[in-house]
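What the coordinates show
If you want the building blocks of each chain, they are given just below.
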Amino acid sequence: MNDPHDRGNRPVAPSVSPLVRQAARNLHRLEVLTANPVWTDMSCRWNFWPAWWVMAPTPDEATAWLAAVAFAVSCKENAGVLAEFARQPLPEPLPPEALPWRDRLIRSWEQYRPATTWKKTICLSALVRLDRRVERLPEWLREARRVPDLEWYERYPRLAALAGWRPRPGDAPPHGGKAEAVQAWVRFWEERYRTPGSELEGLIAAAALLHLAEAGWLPSGPSPERLREEFRQRVQQWRFSDLDRSVLRMLLASVPADASAPERRQQDIMKWLELTHENVPWEKREAVWDMLAAWQREGVLERSGRGRLPEPPLLLPLARALKWERDSDVLRAMAGYIPGAAEVSAYPEAARAVVAHWEALSRNGNWLFRREAWGARWNLRRAGVLTAEEQSRFGADYVEAIGAENNWAVLLVLAQIQPPGTFPLAIWTRRLSDKDDLCRLAAHLAIHGWLVDMAGGGQRVAGRELPLATRHSPLASEPLTTRQYGQFPELPLRLAITRRQTRQFLRRVGQEGADNRPVAPFINLPPEVLPDFRRLREIETALAAGHLPLPSPDTGTGNRPMSHPRPVPSRLPEAHLRTGPPGITGQTTGRTAGSEPSARHPFPEVIRHE
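Residues numbered from 1 in each chain as written. Predicted model: local features only at pLDDT ≥ 70, side-chain atom pairs only at ≥ 80, totals over all residues. Heavy atoms only, no water.

1. Considering the overall build of the chain
For the chain, the count of helices and strands is 26 helices and two strands. A total of 610 residues make up the chain; the buried ones form 58% of that total. Across the chain, every contact between residues at least 6 apart in sequence was considered, and the portion connecting residues at least 24 apart equals 76%. Roughly 26200 Å² of accessible area belongs to the chain as shown, and the carbon and sulfur atoms make up 52% of that amount. (Helix = DSSP H or I, 4+ residues; strand = E, 2+ residues; numbered from the N terminus. Buried < 20%, exposed > 50% of the residue type's maximum accessible area, 1.4 Å probe, protein only. Contact = heavy atoms within 4.5 Å. Areas by Shrake-Rupley, 256 points an atom, 1.4 Å probe, with all protein chains shown as cover.)

In structure tokens form, the structure reads like this:
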């Protein structure tokens, strides 16, 4: 008898790992957002991506977003969003299936044609951090030598972007022709370190030499310890202005923690914490908290192995600072710090104080505070920091917030949070009838994410789809089966490939109980909200096979394998337009002019069947 499960000669799809599956979901979500007309509103994109940054992705989660970020860069995002993309660290080492995503991200930056000098600086900042091959040093050196040709306010950001180059881990100083390029690169920065044209130029040169010294590529120069001490002192002494904020953030984002000895690292962190005090300018507080949170997420602050108490523990200064900190940019950086289980156990009172402060800020009248606070509360919940009582308050506050929140930027953060217990589908469905088109987009995003979770067979874990690093205590999470939405027979949504089948599934969920009684009213979702599972499966298959189904500026290259070595391109074109100083580009605090919602939104009325 023939085996009913025999596939015969049909091609077998490549296996899909959890990392590939999450990367496909992220890319699919971004495609859905991009197809929505509301996404053309720049303020919408500027508030979506900070929600992602606030939620502090772990190295695994950041890896799963590489393909989606490559797609966003290829769509020529806003300069403020691109600058944040350029600052995000690349997880190391990358798993083999993620190498094509990194290469595609590099190619997206290379193919980007900047319209302004500031955008070209952003591109260079991203490339020197992503592509750390020594073969590119001659190109970076040519760009560095052209800096004097720029306007005065464009020179320091360009130098800071190029100073972020670091040798790859384990790379020894090269020999032969490559050694000449390295020597020329070292000489360029040593000249500016010894005889700087300004204090800020000396600070940038110290950061560039620190990267080389820590890799052992500076045998005759100053030691890493001396450079690290000088760099921190210069940051502490320099009076940064709004124009220098981009320089400070680029430099501190590129500096790794001291990995030489725990005692030296402890002293270094204690001195950095002095720059988080109330009398320090907010630009420094923001950059330092951002740097310390990144170090903690990478696990470099732990004394000896994951799960051990960091030295010094940052939970205590975090609790003290939350009492008085009221700058939204600094709060966003602080929200990225996720204390580990050992730190919470050692300082339970500080942990409870941190949770209480973020709870209060999530109810604040300032929507910026609420946005950052909800991201922080989600980080604490998925890290296992909350007690049972605090988790109960989290769920109650979440349900209340999604029904009453009138700011779409905060609602975008709430839409990306996985609530405890039953998913409040009825409340999110009501928000689909909201008058504000951006609020409807947030509701669309929340329902779309829930349906995709269901389609995955309920294999959701805390921390979006991927488990958190082992230094965190993951929350216990039941599989998202239909049992959570009523006592009716399970019908896994993984079989629902088409939107029609999805609607049939939802109808059965609402009308078929274990004893044939209706357990919940069926909610007739509009077709725009239902995920396209065929497209999701196409993306998963392509990513698993080493392809990226992304639109490419060059025809015929969008779905090409990335196993071949990438050539070194010619230098990026210089922009012809001049723009104002980069520090002027602040975040948008409201709706853009002329973006009033249409009188009739595309979602029909909600139909509820008894």
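So, next bit.
2. Regarding the packing of helix 15 (residues 282-298) against helix 17 (residues 328-335)
Two numbers describe how helix 15 lies on helix 17: the axes approach to 8 Å, and their chain directions differ by 10°. One element, helix 15, and the other, helix 17, form an angle in the roughly parallel class. Along the contact surface, helix 15 presents Trp-282, Arg-285, Glu-286, Trp-289, Asp-290 and Ala-293, while helix 17 presents Asp-329, Val-330, Ala-333 and Met-334. (Axes fitted to C-alpha atoms, helices over the stretch in contact; angles between N-to-C directions. Parallel < 35°, antiparallel > 145°, perpendicular 65-115°, else oblique.)

3. Re empty space enclosed by the protein
A complete count under the given rule lists eight cavities of 30 Å³ or more for this structure. Lining the largest cavity we find 21 residues, and of these Arg-29, Gln-418, Gly-449, Trp-450 and Asp-453 sit closest to its centre. Elements represented by at least two residues in the lining of the largest cavity include exactly helix 1 (18-35) and helix 24 (437-455). Residue contributions to the lining of the largest cavity peak at seven residues, all from helix 24. (1 Å grid on protein atoms, 1.4 Å probe; cavity = no way out; pocket = protein on both sides within 12 Å on 5 of 7 lines; lining within 4 Å. Points joined across faces, edges and corners; volume = space filled by probe spheres on them.)

4. A look at the packing of aromatic side chains
Tallied over the full model, the rule gives 16 aromatic pairs. A centroid spacing of 5.3 Å and a plane angle of 40° characterise the contact between Trp-52 and Trp-65, whose relative ring orientation is tilted. Pair noted here: Trp-52 is in helix 2 (residues 42-54) and Trp-65 is in the loop between helix 3 (59-64) and helix 4 (66-74), with a separation of 13 residues, a long-range link. The exposure class of Trp-65 is buried, given its relative accessible area of 2%. Arranged with centres 5.6 Å apart and planes meeting at 75°, the rings of Trp-374 and Phe-394 form a pair that is edge-to-face. Placement of Trp-374 in helix 20 (residues 367-382) and of Phe-394 in helix 21 (residues 388-404) is noted, with a sequence separation of 20 residues between them. The ring centre of Trp-374 lies 4.7 Å from the NZ or CZ of Arg-377, which sits over that ring. (Phe/Tyr/Trp six-rings, centres within 6.5 Å; stacked < 30°, edge-to-face > 60°. Lys NZ or Arg CZ within 6 Å of the ring centre and 35° of its normal.)

5. Description of the packing of helix 11 (residues 199-214) against helix 13 (residues 245-254)
One can describe the packing of helix 11 onto helix 13 by two numbers: an axis separation of 10 Å at closest approach and a directional angle of 20°. What the angle tells us is that helix 11 and helix 13 run roughly parallel. The element helix 11 and its partner helix 13 pack so that their crossing is left-handed. Across from Leu-200, Leu-203, Ile-204, Ala-207 and His-211 in helix 11, the residues of helix 13 making contact are Val-247, Leu-251 and Ser-254. Its residues placed into classes, the contact of helix 11 with helix 13 shows six nonpolar, two polar and no charged. (Left-handed = near helix turned anticlockwise from the far one by under 90°. Nonpolar A, V, L, I, M, F, W, Y, C, P; charged D, E, K, R; others polar.)

6. Thoughts on the pattern of salt bridges
Going through the model one piece at a time under the given rule, you end up with 45 salt bridges. A salt bridge links Arg-245 to Glu-286; its shortest N-O distance comes to 2.6 Å. Of this pair, Arg-245 sits in helix 13 while Glu-286 sits in helix 15, and the two are 41 residues apart along the sequence. Its salt-bridge partner being Arg-249, residue Glu-286 comes within 3.7 Å of it at the nearest N-O pair. In this pair, Glu-286 is assigned in helix 15 and Arg-249 in helix 13, connecting sequence segments 37 residues apart. In this structure, a network of salt bridges that share partners links the residues Glu-84, Arg-87, Arg-245, Arg-249, Glu-286, Asp-290 and Asp-329. (Salt bridge = Lys/Arg side-chain N within 4 Å of Asp/Glu carboxyl O.)

7. Some words on the side chain of Glu-201
As for its position among the elements, Glu-201 is in helix 11. One buried charged residue, Glu-201, forms no salt bridge at all, with the nearest opposite charge on Arg-192 at 4.7 Å. In this view, Glu-201 contacts Tyr-156, Leu-159, Arg-192 and Pro-196; residues no more than four positions away in its chain are not counted. (Lys, Arg positive; Asp, Glu negative; His and termini not counted.)

8. Overview of the nonpolar core
The biggest cluster of nonpolar side chains holds 175 residues, and the ones touching the most others in it are Trp-49, Phe-85, Trp-109, Trp-189, Trp-358 and Trp-428. The dominant element in this core, judged by the number of residues it contributes, is helix 24, at 13 residues. (Core = buried A, V, L, I, M, F, W, Y, C linked by side-chain atoms within 4.5 Å.)

9. Remarks on the environment of Leu-368
Mapped onto the secondary structure, Leu-368 falls in helix 20. Taking relative accessible area as the criterion, Leu-368 reaches 12% and is therefore assigned buried. Separated by 36 residues in the primary sequence, Leu-368 and Arg-332 place their C-alpha atoms 9.1 Å from one another.

10. Considering helix 12 (residues 224-237)
Here helix 12 spans 20 Å end to end across 14 residues, near enough to the 20 Å set by a 1.5 Å rise per residue. All of the buried residues along helix 12 are Leu-227, Arg-228, Glu-230, Phe-231, Arg-232 and Val-235. Taken together, the buried residues of helix 12 touch helix 10 (177-194), helix 11, helix 13, helix 14 (262-273) and helix 15. (Expected span 1.5 Å × (residues − 1).)

11. Considerations on the environment of Phe-48
Inspection of the secondary structure puts Phe-48 in helix 2. By relative accessible area, which is 0% here, Phe-48 ends up buried. For the pair formed by Phe-48 and Leu-411, sequence separation is 363 residues and the distance between their alpha carbons is 9.9 Å. Not counting residues up to four positions away in its chain, the partners in contact with Phe-48 are Leu-33, Trp-39, Trp-65, Leu-412, Gln-416 and Leu-445.

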